[in-house]
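# Analysis of the macromolecular model
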Protein chains: 2
Amino acid sequence: MKKLFPPRLILIIIAAFIFTAVGAYASGDGEALSIPKVLLALLTVTIAARVGGEVFAALKQPSVLGELIFGIILGNLALVGCNWFDFLKADYSAKVGIELLAELGVILLLFQVGLESDLSKMMKVGASSLVVATLGVVTPFILGWGVAALLLPNEGFYAHMFIGATLCATSVGITARVLMDLGCIQTPEARIILGAAVIDDVQGLVILAAVTGIIEAANAGGTMQASGIVVIVAKAVLFLVAAILIGRWLSKKTFRMAVYMRTGDAILIIALVFCFLFAYLAAIVGLAPIVGAFAAGLILDEVHWKARRRLRGEDNVDSLIKPVASILVPVFFVSMGIQVDLRNFASPSVLAFAAILTLAAVIGKQVCALGILEKGLNRMSVGLGMIPRGEVGLIFASIGSKLVFKGEPVVSAATFSAIVIMVVVTTMITPPLLSANFKKHPHKPDPKSPTVEGGIDL
Amino acid sequence: MKKLFPPRLILIIIAAFIFTAVGAYASGDGEALSIPKVLLALLTVTIAARVGGEVFAALKQPSVLGELIFGIILGNLALVGCNWFDFLKADYSAKVGIELLAELGVILLLFQVGLESDLSKMMKVGASSLVVATLGVVTPFILGWGVAALLLPNEGFYAHMFIGATLCATSVGITARVLMDLGCIQTPEARIILGAAVIDDVQGLVILAAVTGIIEAANAGGTMQASGIVVIVAKAVLFLVAAILIGRWLSKKTFRMAVYMRTGDAILIIALVFCFLFAYLAAIVGLAPIVGAFAAGLILDEVHWKARRRLRGEDNVDSLIKPVASILVPVFFVSMGIQVDLRNFASPSVLAFAAILTLAAVIGKQVCALGILEKGLNRMSVGLGMIPRGEVGLIFASIGSKLVFKGEPVVSAATFSAIVIMVVVTTMITPPLLSANFKKHPHKPDPKSPTVEGGIDL
């Protein structure tokens with residue numbers, strides 16, 4: 001034990017924490033961006049992520065779980081009288097800084113996942129992904145709607161529908177990180193999960209857009225046109241197809257020109273411009289930026305920058321992105337933990353509804369296992385991998401709490417707490433379940449799908 | 001020419017720019033942080049930095065100058081009727097996002113400079129640095145005060161004093177970047193400049209704190225105690241000495257513990273924690289965060305993480321920081337350009353005062369060449385390297401414009417414009433002058449100071 005956590009290291013960390021906390025006290029408050037406060041928040045979050053990850057790695061658990069739980073601890077220490085870290089939630093600069101870096105972190109994470117995914121291999125399991133995703137969206141939507149209608153008869157028709165919608169989308173971030181930690185990202189199961197999560201995200205966001213549209217139309221006294229829903233659906237599908245087809249061509253052309261660039265790090269900068277551009281374009285057409293970042297990672301291919309690498313000896317995109325990601329990605333997971341308010345767990349009725357909603361969310365996604373068309377795969381891992389709702393669920397819940405119908409928010413404060421609990425539990429149970437499952441069914445390298453060096457150009 | 005700028009690349013870049021500009025129009029406005037807008041701003045700035053850097057590299061100029069000038073173009077295109085990029089100044093999310101990333105960028109830049117500097121070699125030229133810095137602070141202070149008193153008789157005594165203060169501090173960012181681009185960062189001249197710039201920064205900030213204190217005391221109807229000035233000075237000196245002595249010991253201990261860490265990238269994360277911690281602590285004692293980041297880079301030493309590297313095969317801090325810096329550092333230089341308002345150049349009286357103030361700023365720093373105690377060095381390069389006022393000058397000017405004496409701001413709007421022009425000109429003339437000077441006097445490797453492998457432990 002002494003070797004694992006040398007007492008001096010712990011002392012140093014505690015000293016640093018106290019120091020930073022005291023510093024937060026000493027300095028004033030304001031609405032202008034204060035860089036020292038951002039540094040303080042970044043330091044706190046980074047140290048918490050590292051200590052949490054280290055503790056969970058020692059317990060043979062995915063380090064992402066440690067980052068989440070240490071985030072929850074940071075965010076709720078005020079409950080036991082320690083308000084050192086309140087500035088993470090209360091201070092303007094700390095909040096804005098962490099939010100910004102966390103969002104860049106999750107965008108980079110999905111970009112990394114896209115880079116590690118191979119489009120041609122993804123196509124092979126594309127049919128399975130589509131069936132898995134559709135089952136995994138429709139079932140929880142109906143289950144969630146039903147549970148809400150049964151248990152919350154006082155809430156309106158639209159609240160029930162909205163609660164159903166929050167159960168739809170899979171948060172691929174957690175699952176992807178666990179699969180990466182386990183070294184299983186190249187398995188067919190992982191490809192089905194990631195492919196399904198992307199399709200899921202699109203389907204979930206389409207449902208969200210449709211439900212929001214219906215409620216807004218009802219609020220204005222009318223009903224939504226079917227054509228409006230068709231437009232939302234068409235936009236999303238078109239974006240992904242266009243991104244993959246045009247993006248692949250554009251990437252090849254751009255990297256060919258990179259050979260002539262005189263300034264260094266051209267590969268890294270071009271790759272990041274693609275990542276940010278596609279994330280931005282996804283947002284413009286009404287999708288989550290992470291969908292665009294994933295698409296950008298999917299289209300970038302090692303052959304594109306081969307010439308530049310030969311000429312300048314620059315590194316591969318994967319290894320250039322890694323240092324940037326290892327700073328920013330943990331910020332995302334810790335900040336998700338910080339947003340959890342443990343006081344929600346105090347009300348028995350909220351807790352009961354949350355428990356049943358969580359059950360609906362978990363069971364709803366287990367249906368996904370039935371959607372796999374290939375034989376001999378670990379079906380259960382797909383069902384488990386689809387469980388986490390993570391940031392997508394949180395985003396849905398916060399949109400619902402801002403949506404007003406007849407003067408009342410569609411998602412009430414109590415319902416919001418229940419949704420948050422569902423999100424937290426589904427997110428937290430996935431890593432241990434998934435790693436236990438993968439350890440019980442160790443992956444055998446698939447002889448039928450050898451790695452295609454350099455990938456295939458479209 | 002065709003090989004240099006393939007027409008297709010230009011087309012792609014223009015298309016991306018138009019697209020992003022149109023996107024900025026399409027989306028709404030607000031005071032909440034909008035991640036798509038941050039992405040749009042980051043994309044615009046990154047592409048501008050890259051294109052600017054590439055153009056200036058082709059013209060055999062330091063690419064940092066291209067980043068600055070393309071920043072000025074982005075910030076002033078509205079003057080010729082193109083308001084595509086107005087969102088960079090007007091939109092809340094774009095502004096906050098760019099400001100935050102730019103500040104992290106300049107902190108990382110100074111950390112990199114610190115990493116490349118060797119404390120023991122710095123000590124060797126420490127006496128020169130101290131004399132150079134002191135001459136370079138006192139002379140411009142007096143010159144600036146005198147010029148202001150002669151040319152602006154209508155402005156008060158305190159305004160004259162404050163204008164003198166804005167001429168004090170050297171902005172080491174620009175010079176460090178030029179020296180890195182030229183591959184001259186290891187020369188004794190570079191060490192004198194960097195050492196002097198750090199001492200300069202401390203001296204400049206002490207003068208700023210003292211002048212501000214005097215004006216505030218006068219405003220309250222009293223006068224400042226001499227003891228108050230002594231406290232400010234003592235705090236700054238103590239910080240640097242303590243940072244170097246304690247930090248070096250702490251770094252050795254922490255990296256020794258890194259050997260036991262199970263999660264990856266420990267070297268990078270610990271190094272960044274040091275960088276952010278020292279930057280934060282510098283801010284707490286009233287210094288600029290970049291001073292702390294430089295000190296952190298100075299104390300980290302390759303021997304400290306040797307054991308971890310041997311065990312895990314992780315990269316050196318320098319190469320791990322590089323990808324992070326190559327994204328963030330250009331954001332800083334472009335954003336400095338964006339802040340320049342070319343309309344200031346329209347008023348002849350402002351222009352005249354600015355010209356004479358700039359002359360005072362340049363001449364004031366040439367006195368530095370006299371402070372070098374070693375023989376046979378390129379004295380002129382030190383004088384030239386101390387010219388840029390950069391972000392420090394801008395920070396001083398903005399503090400002055402917010403400081404009120406008898407109901408009037410100490411630094412008036414016209415004076416502020418003149419100071420901005422001085423900052424821009426001193427910043428812009430340094431790279432070409434410095435690179436021309438270093439090309440005329442190519443550096444001969446110094447046989448008397450061979451590289452000490454691994455450095456010296458304090």
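Residues numbered from 1 in each chain as written. Chains lettered and ligands numbered in written order. Predicted model: local features only at pLDDT ≥ 70, side-chain atom pairs only at ≥ 80, totals over all residues. Heavy atoms only, no water.

### Section: the overall build of chain A
Tallying secondary structure elements over chain A gives 19 helices and two strands in all. The proportion of buried residues among the 458 residues of chain A is 59%. Restricting the contact set of chain A to residue pairs at least 6 apart, pairs at least 24 apart contribute 81%. Put simply, chain A shows about 18,200 Å² of open surface, and 68% of that area lies on carbon and sulfur atoms. (Helix = DSSP H or I, 4+ residues; strand = E, 2+ residues; numbered from the N terminus. Buried < 20%, exposed > 50% of the residue type's maximum accessible area, 1.4 Å probe, protein only. Contact = heavy atoms within 4.5 Å. Areas by Shrake-Rupley, 256 points an atom, 1.4 Å probe, with all protein chains shown as cover.)

### Some thoughts on the relation of the copies chain B and chain A
Mapping chain B onto chain A calls for a screw motion: a turn of 180 degrees about the axis and a shift of 0.0 Å along it, with 0.0 Å RMSD after fitting. Such a combination of rotation and displacement between the chain copies is what one expects of a two-fold axis. If distances are taken from each C-alpha of chain B to the rotation axis, the shortest is found for Val324 of chain B, at 2.7 Å. Interface overlap between copies is the fraction of interface residues in one copy that are interface residues in the other; for chain B against chain A it reaches 100%, indicating a shared surface. (Least-squares fit on C-alpha atoms with pLDDT ≥ 70 in both.)

### Some words on the side chain of Ser381 of chain A
All names here are of chain A. Relative to the helices and strands, Ser381 is located in helix H17 (residues 379–385). Of the polar contacts made by the side chain of Ser381, one reaches the backbone oxygen of Asn378; its length is 2.7 Å. If we skip the residues at most four places from it in the chain, Ser381 touches Glu189, Ile193, Leu434, Asn437 and Phe438. (Polar contact = N/O pair within 3.5 Å; in protein donor to acceptor, adjacent residues only side chain to side chain.)

### Focus: the environment of Gly204 of chain B
All names here are of chain B. Along the chain, Gly204 turns up in helix H10 (residues 188–219). Using a relative accessible area of 0% as the deciding quantity, one classes Gly204 as buried. Taking the C-alpha atoms as reference, Gly204 lies 8.3 Å from Thr170; in sequence the two are 34 residues apart. Not counting residues up to four positions away in its chain, the partners in contact with Gly204 are Cys168 and Phe396.

### What about the pattern of salt bridges?
Proximity of charged atoms lets side chains of opposite charge pair with each other. Summed over the entire model, instances satisfying the criterion amount to four salt bridges over all chains. Across the pair Lys322 of chain B and Asp265 of chain A runs a salt bridge, and its minimum N-O distance is 3.5 Å. Residue Lys322 of chain B is found in helix H15 (residues 317–338), and its partner Asp265 of chain A is found in the loop between helix H11 (226–258) and helix H12 (266–284); the two belong to separate chains. According to the relative accessible area criterion, Lys322 of chain B is partly exposed, its value standing at 44%. (Salt bridge = Lys/Arg side-chain N within 4 Å of Asp/Glu carboxyl O.)

### Let's talk about the nonpolar core
Within the largest apolar cluster, 289 residues are counted, with the highest numbers of intra-cluster contacts made by Phe111 of chain A together with Phe111 of chain B. Residue contacts for Phe111 of chain A: discarding those within four places in its chain leaves Ala271, Cys275, Ala293, Ala296, Gly297, Leu300, Val317 and Ile321 of chain A. (Core = buried A, V, L, I, M, F, W, Y, C linked by side-chain atoms within 4.5 Å.)

### Examining helix H3 (residues 63–76) of chain A
Residues and elements named next belong to chain A. Counted at 1.5 Å a residue, the expected span for H3 with its 14 residues is 20 Å, and the 20 Å between its end C-alpha atoms agrees. Counting buried residues along H3, 11 of its 14 residues qualify, which places the element largely inside the surrounding structure. Ser63, Val64, Leu65, Gly66, Glu67, Leu68, Gly71, Ile72, Leu74, Gly75 and Asn76 are the residues of H3 that are buried. (Expected span 1.5 Å × (residues − 1).)

### Overview of the environment of Val230 of chain B
Residues and elements named next belong to chain B. The residue Val230 is located in helix H11 (residues 226–258) in this model. Assessed through its relative accessible area of 53%, Val230 is described here as exposed. Along the primary structure Val230 and Ser417 are separated by 187 residues, whereas in three dimensions their C-alpha atoms are 32 Å apart.

### Regarding the side chain of Asn437 of chain B
Residue and element names in this part refer to chain B. Tracing the sequence through the fold places Asn437 in helix H19 (residues 413–440). Judged by its relative accessible area of 5%, Asn437 is buried. Looking at Asn437, its side chain comes within polar contact range of the side chain of Asn378, at 2.7 Å.

### Brief notes about a nonpolar patch on the surface
Residues and elements named next belong to chain A. A cluster of nonpolar residues, Leu79, Val80, Leu342, Phe345 and Leu351, forms a patch on the protein surface that exposes about 430 Å² of accessible area. For Leu342, the position within the fold is in the loop between helix H15 (317–338) and helix H16 (348–366). Residue Leu342 is classed as partly exposed on the basis of its relative accessible area of 35%. (Patch = residues over 30% accessible without salt bridge, like charges linked within 9 Å, V, L, I, M, F, W, Y side chains within 5 Å.)

### A closer look at the interface of chain B and chain A
Chain B puts 65 residues into the contact, and the matching count from chain A is 65 residues. Together chain B and chain A conceal approximately 6,100 Å² of surface at their shared face, both sides included; 78% is due to carbon and sulfur atoms. Counting the surface chain B buries against chain A, the share from its top three residues, Arg50, Arg262 and Tyr280 of chain B, is 12%. At the boundary of chain B with chain A, the tally comes to five residue pairs in polar contact (both at pLDDT 80 or more). Listed by contribution, the elements that provide at least two residues to the side of chain B that touches chain A are helix H1 (7–26), helix H2 (35–58), helix H5 (92–116), H11, helix H12 (266–284) and H15 of chain B. In terms of residue count, the dominant contributor to the side of chain B that touches chain A is H2 of chain B (14 residues). For the side of chain B that touches chain A, the residue count by class is 44 nonpolar, 10 polar and 11 charged. (Buried area = accessible area lost by both parts, 1.4 Å probe. Nonpolar A, V, L, I, M, F, W, Y, C, P; charged D, E, K, R; others polar.)

### A look at the state of the cysteines
Enumeration according to the criterion identifies zero disulfides over all chains in this entry. Cys368 of chain B supplies the cysteine sulfur nearest to Cys168 of chain B, a cysteine that is in no disulfide, at a spacing of 11 Å. (Disulfide = S-S within 2.5 Å.)

### Points about the confidence of the model for chain A
Residues and elements named next belong to chain A. Of all residues in chain A, 84% attain a pLDDT of 70 or more, and the chain-wide mean is 79. The weakest mean pLDDT in chain A belongs to helix H1 (residues 7–26) at 54; the strongest belongs to helix H2 (residues 35–58) at 92. Residue range residues 445–458 is modelled with pLDDT below 50. Its contacts to residues more than four positions away, or to other chains, number 21 contacts. Confidence estimates for the predicted assembly give a pTM of 0.80 and an ipTM of 0.79. (pLDDT = per-residue confidence, 0-100.)

### Observations regarding the packing of H2 of chain A against H12 of chain B
Close contact between H2 of chain A and H12 of chain B brings their axes to 9 Å; oriented N to C, the two are set at 150 degrees. The angle between H2 of chain A and H12 of chain B places the two elements in the roughly antiparallel class. The two elements H2 of chain A and H12 of chain B meet at a crossing, and its hand is left-handed. Residue-level inspection shows Pro36, Leu39, Leu40, Leu42, Leu43, Thr46, Ile47 and Arg50 of chain A of H2 of chain A in contact with H12 of chain B, the latter providing Ala266, Ile269, Val273, Phe276, Leu277, Ala279, Tyr280 and Ala283 of chain B. Among the residues forming the contact of H2 of chain A with H12 of chain B, the class breakdown is 14 nonpolar, one polar and one charged. (Axes fitted to C-alpha atoms, helices over the stretch in contact; angles between N-to-C directions. Parallel < 35°, antiparallel > 145°, perpendicular 65-115°, else oblique. Left-handed = near helix turned anticlockwise from the far one by under 90°.)

### Examining the packing of aromatic side chains
To describe a pair of aromatic rings, one takes the distance between the centres and the angle between the planes. Tallied over the full model, the rule gives 14 aromatic pairs over all chains. Between Trp84 of chain B and Phe85 of chain B, the ring centres sit 6.2 Å apart and the planes meet at 80 degrees, which makes this aromatic pair edge-to-face. Under the relative-accessibility criterion, Phe85 of chain B is labelled buried at 5%. Among the aromatic residues, ring-to-ring pairing joins Phe141, Trp145, Phe157, Tyr158 and Phe405 of chain A into one connected group. (Phe/Tyr/Trp six-rings, centres within 6.5 Å; stacked < 30°, edge-to-face > 60°.)

### Details of the packing of H2 of chain A against H15 of chain A
All names here are of chain A. Orientation of H2 relative to H15, taken along the N-to-C sense of each, is 95 degrees, at an axis distance of 9 Å. Taken together, the axis directions place H2 and H15 in an arrangement best described as roughly perpendicular. On H15, the residues that touch Leu42, Val45 and Ala49 of H2 are Pro330, Val331, Val334 and Ile338. In the contact of H2 with H15, the residues fall into seven nonpolar, no polar and no charged.

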